[in-house]
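# Per-entry structural report
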Amino acid sequence: MSTFSDSALTAFQLITSLDPGLWTIAGRSLGVSATACLMGCAIGIALGAYLGVSRFSGRAMVLTVLNTFLALPSVVVGLVIYLLLSRTGPLGFLGWLFSFKAMLLAQVVLVVPVAAALSRQVVEDVDAAHGEQWRSLGAGNFVRCVLLAWNERFALLTVVVACFGRAISEVGAVMIVGGNIEGFTRVMTTAIALETSKGDLPLALALGIVLLAIVGFLNLLLALFRHWQDRHQQSKPTSLRGWVT
Amino acid sequence: MTHLISLKQVSLKLGHVQALSDVSLTIDAGEHVALIGANGSGKSTLLRVLNGLHSVSEGQLQLATCRQAMLFQRPHMLRTDSLTNVTLGLWLDRSLGLRWHQAKARALEALSVVGLSGVKLQNAATLSGGQQQRLALARAWAKEPELLFLDEPTASLDPPAKREIEALVQQMIAPKDDPHPMTLIFASHNLGQVKRWASRVIYLEQGRILADLPTADFFNSECLKQHSQQAFLFLQGETS
């Protein structure tokens, strides 16, 4: 019990004292995960939306593979990327191993299947209900996936948050490809793993509390945004004008 | 004479369900055809086949090149303003070849025709069911269709909204000096609507056409009884 109270106190002190070590690690975690989330979601949502509206032979196989990748163990992703980026690997010439880019790549690989599978379901549901109306108006697969994904943007925002959660809470892959180098590739999760192995449980738990606080804060922002959208939906419609010329 | 639509022994299977069986019919330009029948009889499926939304499994479908529009029972509107929804509907139809600003100008005119100019900047997804159906009608009207498909357009509306939609459709299909009058094909459970709009009634049961008669003959009990006992029983059930 004292470990928990000590941890809470340590977390509070770390946060309020603006501990530079903590904020550097937190900043790096956010940087890697937010960038990976944006890149992974851009790829995954586009892929998922297209799979949601299109029908082709072999689609069932693609969906099975995609759903299998949802359960992709992060250490396996880390290992594969390690092998690809290692000096003797096919991508070794990039020199990315034990760098920010390697961690980014690993997290993008983890995020893409989540974004694709969840957004595929969202878009497929709305396409099943209303897709034929848009087909009747002349919208082909590409236009339909763009329109329906845009229409379901609030549901897809939840997908983005889920992806961010997957990225920021991941430890195995970034540990393997980043190397947990202090001041360079150490992020929240690898720092927690390290402090735990050193036996500094209060500090490890404090870092965990900080991590949880960051994710909680982002979810709160999302909830406030959705609440604001709901209130303003009638009076301020979102325009499509920007992307249609 | 070339027909606008010609179906020869068309069959369609949707999954394990035989949605249409051996359907043959011709429809000429300017006809107003009602498709009636119980739920699951194939009315909506036939409309979708004619609109090109389903490909037939067997048989031949010939459709003359013409501008088409289709109204669904529950129209889907994007979460953006009404004007953009109508503009997008026009812009997507590549056969019209309209640029965005041209489509928008026509959409504004269409909104005025259906009496929705006042909500042109309102989020279309937040409009009432009747207003959304009027918006869908504006989207169809703006395309100046030669062939209009309606799939139970008033089935989910309250009586005042139903009257508004009926009046607007009547306005669209009313004979004008136009040498190419609009062809209307609609599915409905509303027999009053069928009498008001249709010049010909097709009765379907389990994906088959069991009666195809001029409206006056269809609603003439003796004539219908001679033609199709099933259609006669259906009509009796609907009117009793």
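Below or above, wherever it landed, is the structure these notes cover. Because the structure is predicted, anything quoted here is derived from the model rather than measured.

Turning next to the overall build of chain A. Assigned secondary structure in chain A consists of ten helices and zero strands. Secondary structure of chain A in N-to-C order comes out as α-α-α-α-α-α-α-α-α-α. Along the three orthogonal principal directions, the C-alpha set of chain A runs to about 65 × 50 × 35 Å. Here chain A holds 245 residues, and 39% of them are scored as buried. Across chain A, every contact between residues at least 6 apart in sequence was considered, and the portion connecting residues at least 24 apart equals 78%.

What follows deals with the interface of chain A and chain B. Contact with chain A, which involves 19 residues of that partner, is made by 23 residues of chain B. Of all the secondary-structure elements, those providing two or more residues to the side of chain A that touches chain B are helix H5 (100-136) and helix H6 (141-151) of chain A. Among the elements that make up the side of chain A that touches chain B, the one with the highest residue count is H5(A) (five residues). Tallied by class, residues from the side of chain A that touches chain B come to seven nonpolar, ten polar and two charged.

A:Val111 and B:Leu35 are the most contacted members of the largest nonpolar core, which totals 136 residues. It is H5(A) that contributes the most residues to this core, 18 residues altogether. Among all residues touching A:Val111, those that are not within four sequence positions of it are A:Ala36, A:Cys37, A:Gly40, A:Cys41, A:Gly44, A:Cys163, A:Arg166 and A:Ala167.

On to the sheet that holds strand S8 (residues 200-205) of chain B. All names here are of chain B. Strand order in this open sheet of six strands is S5-S6-S7-S3-S8-S9, and the pairing throughout is mixed. Taken across any chain shown, the strands that pair with only one partner, and hence form the sheet edges, are strand S5 (68-71) and strand S9 (208-214). Strand after strand, the sheet turns through a mean of 15° between neighbouring axes, direction not considered. Here strand S6 (residues 147-151) pairs with strand S7 (residues 183-187) via five bridges, running parallel. Paired with Phe149 across the strands is Ile185, a residue of S7.

A separate point is the pairing of strand S2 (residues 17-27) of chain B. Residues and elements named next belong to chain B. Where strand S1 (residues 5-14) meets S2, seven bridges bridge the pair, whose relative direction is antiparallel. Looking across to S2, one finds that Lys13 is bridged to Gln18. Linking S1 back to S2 in an antiparallel pair, the connection comprises two residues, with Gly15 at a positive phi of about 65°.

In an α-helix, one turn spans 3.6 residues; hence positions three or four apart end up facing the same way. All names here are of chain B. Restricting attention to buried positions, one finds in helix H9 (residues 229-239) the residues Ala231, Phe232, Phe234 and Leu235. Along the axis of H9, the buried positions cluster into a sector of 160°, meaning they face one direction only. Of the exposed residues in H9, the ones pointing more than 90 degrees away from its buried face are Gln229, Leu233, Gln236 and Gly237.

All names here are of chain B. An order of S2-S1-S4 is seen for the three strands of this open sheet, with the pairing classed as antiparallel. Each having just a single partner strand, S2 and strand S4 (58-63) make up the two edges of the open sheet. Strand-to-strand twist in this sheet, taken as the mean axis angle between neighbours without regard to direction, amounts to 25°. Sheet strands in contact with helix H1 (residues 43-50) are S1, S2 and S4, and its direction is about 60° off that of S2.

Here the focus is the packing of helix H2 (residues 82-92) of chain B against helix H3 (residues 100-113) of chain B. Residues and elements named next belong to chain B. Between H2 and H3, the shortest axis-to-axis distance is 8 Å and the interhelical angle comes to 120°. Taken together, the axes of H2 and H3 are oblique relative to one another. Crossing hand, H2 versus H3: right-handed. Between H2 and H3, the contacting residues are Ser82, Leu83, Val86, Thr87, Leu90 and Trp91 on the first element and Trp100, Ala103, Lys104, Arg106, Ala107, Leu108, Ala110 and Leu111 on the second.

The subject of this paragraph is the pairing of S8(B). Residue and element names in this part refer to chain B. Judged from the four bridges that link them, strand S3 (residues 32-36) and S8 form a sheet pairing that is parallel. Across the sheet, Ile36 pairs through a bridge with Tyr203, a residue of S8. The antiparallel pairing of S8 with S9 creates a hairpin that spans two residues between the two strands, and Gln206 there sits at a positive phi of about 50°.

Rules behind the numbers
Residues numbered from 1 in each chain as written. Chains lettered and ligands numbered in written order. Predicted model: local features only at pLDDT ≥ 70, side-chain atom pairs only at ≥ 80, totals over all residues. Helix = DSSP H or I, 4+ residues; strand = E, 2+ residues; numbered from the N terminus. Buried ≥ 20, exposed ≤ 12 C-beta atoms within 10 Å, placed from the backbone. Contact = placed C-beta atoms within 7 Å. Nonpolar A, V, L, I, M, F, W, Y, C, P; charged D, E, K, R; others polar. Core = buried A, V, L, I, M, F, W, Y, C linked by C-beta atoms within 7 Å. Pairing = 2+ DSSP bridges. Axes fitted to C-alpha atoms, helices over the stretch in contact; angles between N-to-C directions. Arc of directions from axis to C-beta. Parallel < 35°, antiparallel > 145°, perpendicular 65-115°, else oblique. Left-handed = near helix turned anticlockwise from the far one by under 90°.

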